[in-house]
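One letter stands for each residue in the lines below.
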Amino acid sequence: MVAFSSILVKVSNQDSDTRYAAIKKKLPQNAVWSYFDKKAKDMLKRIESFNAEASNCPCEVYLSDSRNLDFLKKEIDLVITSPPYLNSYDYYLYHKHRMLWLGLDYRSAQEKEFGSRNKHSDNHEGIESYVDAVTASVSHISKNLKKNAHFCVIIGDAILKGEIIKMNAIFDEIFLKQGYTKTREIRFEQRKYTRTFTPNIKTKFKESYILIYRR
Ligand SMILES: C[S@@+](CC[C@H](N)C(=O)[O-])C[C@H]1O[C@@H](n2cnc3c(N)ncnc32)[C@H](O)[C@@H]1O
């Protein structure tokens, strides 16, 4: 199902992974089967090599809203996370076809997704609802975090209502309020790594950050 999901946009009329619009495509005969076959075989190879490396690391995967992690009973040694980039993306929308095919509920994903363009551009939410969502997530995760453990965040600047928002400052405030200290900040220009970058005077100053905090 994961292999099937990964080829869905390519073999459907959806323009791309980051554009939910129908376009006409010229696909080769038998495209679904041949792409699926290639993808599934590639995934099997990767799974085997990953398992060979990671066989001693038991792993559990949960699907949940990060603002409610009460079911997590284990102590956490380290957090590495990349929250949604404010007003940059609509995950529920770009993955809508995939979710429908996989029997998942995209409406619930839409409602729970924070930072989405749907919330901030279509429905004009301000930055406060984003800060509240990140704060709630950090505070839930912090309950189970070991003392002196690191919390690493990958995040990028945003544009909201035409203004650039420096996200390192926003995250510093959220984390310092919850008793963390910052141990490191690595920054780089967003356009260096984003192919979909559209040059304009504002995006020119967008940076991404790796922010490391400790409690
Ligand atoms: C910048 S992406 C990071 C993706 C991830 N690091 C990866 O490599 O696949 C942000 C992710 O946060 C997810 N997200 C949005 N709202 C969420 C919520 N309330 N709880 C948990 N995850 C959420 C999005 O669906 C998206 O997958």
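Since this is a predicted model, take the numbers as computed values, not measurements.

### Topic: the state of the cysteines
Taken as a whole and assessed by the stated rule, the structure comprises 0 disulfides. Cys 57 supplies the cysteine sulfur nearest to Cys 59, a cysteine that is in no disulfide, at a spacing of 8.9 Å. In this structure Cys 59 comes out as exposed when scored by relative accessible area, which is 61%. With no disulfide of its own, Cys 152 has Cys 59 as its nearest cysteine by sulfur position, at a separation of 18 Å. Judged by its relative accessible area of 11%, Cys 152 falls in the buried class.

### Quick word on the site of the ligand
Contacts to the ligand come from Ser 64, Asp 65, Ser 66, Arg 67, Ser 82, Pro 83, Pro 84, Tyr 91, Lys 112, Glu 113 and Phe 114. In the model, a nitrogen atom of the ligand is placed 2.9 Å from a nitrogen or oxygen of the Ser 66 main chain. Within the contact set of the ligand, a nitrogen atom lies 3.3 Å away from a backbone nitrogen or oxygen of Phe 114. Taken by itself the ligand offers 600 Å² of open surface, and the protein chains cover 55% of this. Its residues placed into classes, the shell around the ligand shows 4 nonpolar, 3 polar and 4 charged.

### Some remarks on the packing of aromatic side chains
Applying the stated criterion to the full structure yields 11 aromatic pairs. Their ring planes at 90° and their centres at 5.0 Å tell us that Tyr 89 and Tyr 94 sit as a pair that is edge-to-face. The exposure class of Tyr 94 is buried, given its relative accessible area of 4%. Between the aromatic rings of Phe 175 and Tyr 180, the centroid separation amounts to 5.1 Å while the plane-to-plane angle is 75°, which identifies the pairing as edge-to-face. With respect to class, Phe 175 is no different from Tyr 180; both count as buried. One aromatic cluster is present, built from ring pairs that chain together Phe 151, Phe 175, Tyr 180 and Tyr 213. Between the NZ or CZ atom of Lys 10 and the centre of the ring of Tyr 35, over which it lies, the distance is 4.2 Å.

### Focus on the sheet that holds strand β7 (residues 181-189)
Pairing is mixed across the open sheet formed by 4 strands, whose spatial order is β3-β4-β8-β7. Edge positions in the sheet fall to β3 (76-81) and β7, since each of these pairs with one other strand and no more. The mean inter-strand angle of the sheet, taken between neighbouring strand axes irrespective of direction, is 10°. Relative to strand β4 (residues 145-156), β3 is paired through 5 bridges, and the arrangement is parallel. For Leu 78, the partnering residue across the bridge sits in β4 and is His 150. Where helix α7 (residues 127-143) meets the sheet, it contacts β3 and β4, and its direction lies at approximately 150° from that of β4. On top of the sheet, helix α8 (residues 167-177) reaches β4, β7 and β8 (207-214); it is set at about 15° to β8, its chief contact.

Reading the values: rules and limits
- Residues numbered from 1 in each chain as written.
- Predicted model: local features only at pLDDT ≥ 70, side-chain atom pairs only at ≥ 80, totals over all residues.
- Heavy atoms only, no water.
- Disulfide = S-S within 2.5 Å.
- Buried < 20%, exposed > 50% of the residue type's maximum accessible area, 1.4 Å probe, protein only.
- Near = heavy atom within 4 Å.
- Polar contact = N/O pair within 3.5 Å; in protein donor to acceptor, adjacent residues only side chain to side chain.
- Areas by Shrake-Rupley, 256 points an atom, 1.4 Å probe, with all protein chains shown as cover.
- Nonpolar A, V, L, I, M, F, W, Y, C, P; charged D, E, K, R; others polar.
- Phe/Tyr/Trp six-rings, centres within 6.5 Å; stacked < 30°, edge-to-face > 60°.
- Lys NZ or Arg CZ within 6 Å of the ring centre and 35° of its normal.
- Pairing = 2+ DSSP bridges.
- Helix = DSSP H or I, 4+ residues; strand = E, 2+ residues; numbered from the N terminus.
- Axes fitted to C-alpha atoms, helices over the stretch in contact; angles between N-to-C directions.
- Contact = heavy atoms within 4.5 Å.

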